[in-house]
Each structure stands twice: as C-alpha cells, then as structure tokens.
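# Observations on chain architecture
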There are 2 protein chains.
Amino acid sequence: MDKSGIVIIGIDPGTRVTGFGIVREVSGQVILIEAGTIRTDTKKPMCARLGQIYSRIAELIATHKPDEAAIENVFVASNPSSAIKLGQARGAAMAACAVSGLIVSGYEPTKVKQNLVGTGRAAKSQVAFMVERILGVKDTKWANDTTDALAIAVCHLNERRFARMAGK
Amino acid sequence: MDKSGIVIIGIDPGTRVTGFGIVREVSGQVILIEAGTIRTDTKKPMCARLGQIYSRIAELIATHKPDEAAIENVFVASNPSSAIKLGQARGAAMAACAVSGLIVSGYEPTKVKQNLVGTGRAAKSQVAFMVERILGVKDTKWANDTTDALAIAVCHLNERRFARMAGK
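Note that the structure is a prediction, hence the values are computed from the model and not measured.

### So, the relation of the copies chain B and chain A
- The two copies are related by a screw operation: chain B maps onto chain A through 180° of rotation and 0.0 Å of translation along the axis, at an RMSD of 0.0 Å. Within this description, the copies of the chain are treated as partners about a two-fold rotation axis.
- Counting the interface residues of chain B, we find that 100% of their copies in chain A are interface residues as well, pointing to one common contact surface.

The structure is reproduced here in structure tokens:
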C-alpha cells in the first residue's frame, strides 16, 4: 500500500449516526481509503453511545494513521437540547482525535459546499456528485453522513492547498 | 487503603473548568478520596482542550477505579453556541467514563440542590456547607466546580440508597 502523501480523516458527528471518510492525497490526486458510518444503538444510554463513537474513531485513526482531522462545525440546532446532544457527539469525536495526537480543523457546512461545488447553497446531490468525481468512484450508495464526512476531508485538503499557494 | 464500599466519581463538565470529585461510601459514611479541577489552556485549540478533559478523567478512573459515575446535566445554555461547547466538554467526559466501562447517571443542578439541601433553589454556599459536612471536612477552599462535582457524587449515592430502600 502506498504510504506517501497526506492522509485526512473527515468526520460528520451525530449521536445517532456519525459519518467518517479517510482519504489520501498524493501529487494532487485524492484516493479513497475507507468511509462509512458509526451507528449507535439508540436503546443504549447516551454515555455508551458516546463511548462507541470515541472507540471507533480511535480505532480508525490507529488503523489508517491520518496526519490531520477535519470535522463539521455543528450547525446551530433547532433547540438547546439538540445543540447539547450534537455537542456531545462532537466532543467524543474530537477527544478521540486529540488523544491520538491529531489536530482537528472545523468547517461550516456552507463552507464545505462552497469549497466543493462553488456555492454554499449547493444541494446534497451536487456535493455527492463532486465527492464521487474527485475520488474517481461511482454509484457508491453511501449514506448522506458518509458523503458529508468525505466532503469535509476533501474540503480540508483543498483549504490546505490554498493556504500553501497563498504562502500561509 | 480501605477498598470496600462503593466508589463514585462526580463530574461537573465545562470547556474551561471541569470539576471532579471522587468519594467512597462505606456503611453509610461518605469519605473523600480526591477532588479538584481540570483547567484547560484557553489558548489551545478546542480539540486539545477536549483531549485534556478526556485524558485526565480516564487517568482518575484508572487510579481510583470508581464503580459508577455521575455527571451534571448541562443546564440550558444562554445561546446555541454555549450549548454546543458545554455539550462537547460533557461528551469528552462521558466518553472517558464509557470507554472505562462506567455507567454514567445525569442529574439536573436543581435535583442536586434538592437532594443535598432540601430545596432546588439552595444557594451555592448551602450546597458547599452540606458537602463539607457530609464528607467531614472543613475550610477546603474548593473551587465552585469541585464542590459541584462532589455534590453530584453525593447526590448519586443518596439516589442509589433511596432506590435500594424503595426496592427498585
């Protein structure tokens, strides 16, 4: 397996479903490594579900050894209770990254859409189309959360490149 | 060191300051084991701060081997952004408990006050007085977050006792 280039893990956190996508960039080309979802058991207590998110992310990091992480900034939730739940899932995922020594960059959903499609108001299908095109895959039947996590990872790679080009 | 009885870790989560209190109950008497705060470096990125909360809680659990954990239910925050931050700190702390195999019970701040002082509107000084009295300590000069974490641990011990007495 090619070990050159930079590896990014993208995470779209949620207490029910957390999407993840791991990609490698080598010479400007982005290759899919692994992507999927962490589905927590809604019958279990919240602490067990957060533990599941933490453990799976830590396991993915140990397996694929990403260099950096990117996470969706939680969208302002409909009510404080949802905001706290989303925050909890995000906290478990970010702690897993930090304990594994990764720096985590956060991106607003509109920023990710702008970056990949060119407009912050892009439809989910447009984002999915661009993710598949960039990764050179087709008909993946990914869950939305998986696509979103991959989009975040690709967005982070682009932002890094822009920053390098701008000499930042 | 006495290893009998039940050991509880109480946690009052926050991104800046997380209070913790570990107590042991033996034959109805509650003994202080360790209490203090986890103060995160506000200059560091949020992920590093959440990693710090996770690691310190995991370390405390490994050292004192509590049987159960109790955490403050995050009070409805003033705005969604605060709610997400509080949720993140709570998520990191709960993940640390879950990964260590602990079950976490959550208590509203008013429930803790009701339990210790007899009224959900008790002042912080009244809660502190009761915590010191129950633990048989004086003039501790604990931070508010430390006292709150110990209050949560004591509240959980009381609730367990009530549940046993009620034959639940």
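On we go.
### Here we look at the nonpolar core
- Counting 52 residues, the largest nonpolar core has Ile9, Ile57 and Cys97 of chain A together with Ile9, Ile57 and Cys97 of chain B as the members making the most contacts within it.
- The residues touching Ile9 of chain A, leaving out its near neighbours within four places in the chain, are Gly21, Ile22, Leu60, Ile61, Pro66, Glu68, Ala69, Ala70 and Leu102 of chain A.

### Brief notes about the sheet that holds strand 4 (residues 68–72) of chain B
All names here are of chain B.
- If you walk across this open sheet you meet the 5 strands as 3-2-1-4-5, and the pairing is mixed. Every other strand in the sheet has two partners, leaving strand 3 (29–39) and strand 5 (104–107) as the edge strands with one partner each. Averaged over all pairs of adjacent strands, the angle between their axes in this sheet comes to 20°, without regard to strand direction.
- Judged from the 7 bridges that link them, strand 1 (residues 6–12) and strand 2 (residues 17–26) form a sheet pairing that is antiparallel.

### Focus: the environment of Val17 of chain A
Residues and elements named next belong to chain A.
- Among the secondary structure elements, Val17 is positioned in strand 2 (residues 17–26).
- Note on Val17: relative accessible area 18%, which makes it buried.
- Measuring from C-alpha to C-alpha, the distance between Val17 and Ala89 comes to 9.4 Å, with 72 residues separating the pair along the chain.
- In this structure, Val17 is in contact with Asp12, Thr37, Ile38, Arg39 and Asp145, ignoring residues within four places of it in sequence.

### Side note on the pairing of strand 2 of chain A
All names here are of chain A.
- Of all 10 residues in strand 2, 10 are buried, a share of seventy percent or more.
- The alternating pattern of strand 2 places Val17, Gly19, Gly21, Val23 and Glu25 and Thr18, Phe20, Ile22, Arg24 and Val26 on opposite faces, both of which are buried.
- Linking strand 1 (residues 6–12) back to strand 2 in an antiparallel pair, the connection comprises 4 residues.
- The pairing of strand 2 with strand 3 (residues 29–39) spans 10 bridges and is antiparallel. Counterpart to Glu25 in the pairing with strand 3 is Val30.

Calculation rules
- Residue positions are given per chain, counted from 1 along the sequence in the order it is written.
- Each chain takes a letter, starting from A, and each ligand takes a number, starting from 1, following the order in which they are written.
- pLDDT decides what is reported in this predicted model: residues at 70 or higher carry local features, side-chain atom pairs at 80 or more are listed and counted, and totals for whole chains, interfaces and linings draw on all residues regardless.
- As a convention, hydrogens and water are excluded, and side-chain values are obtained from all of the structure's heavy atoms.
- Copies overlap after least-squares fitting; the atoms used are the C-alpha atoms of residues with pLDDT of at least 70 in both.
- Pairs of residues are marked as contacts when any of their non-hydrogen atoms sit within 4.5 Å.
- Nonpolar cores were defined as sets of buried Ala, Val, Leu, Ile, Met, Phe, Trp, Tyr and Cys residues, with membership established by side-chain atoms within 4.5 Å.
- We call a residue buried when its accessible area falls under 20% of the maximum for its residue type, exposed when it is over 50%, and partly exposed in between, using a 1.4 Å probe and counting protein chains only.
- Should DSSP find at least two bridges between two strands, the strands are regarded as paired.
- Only DSSP runs of H or I covering at least 4 residues are called helices, and only runs of E covering at least 2 are called strands; the numbering of each starts at the N terminus.
- Interaxial angles span 0 to 180 degrees and are taken between N-to-C directions of axes, which are lines fitted to C-alpha atoms, for helices over the stretch in contact.

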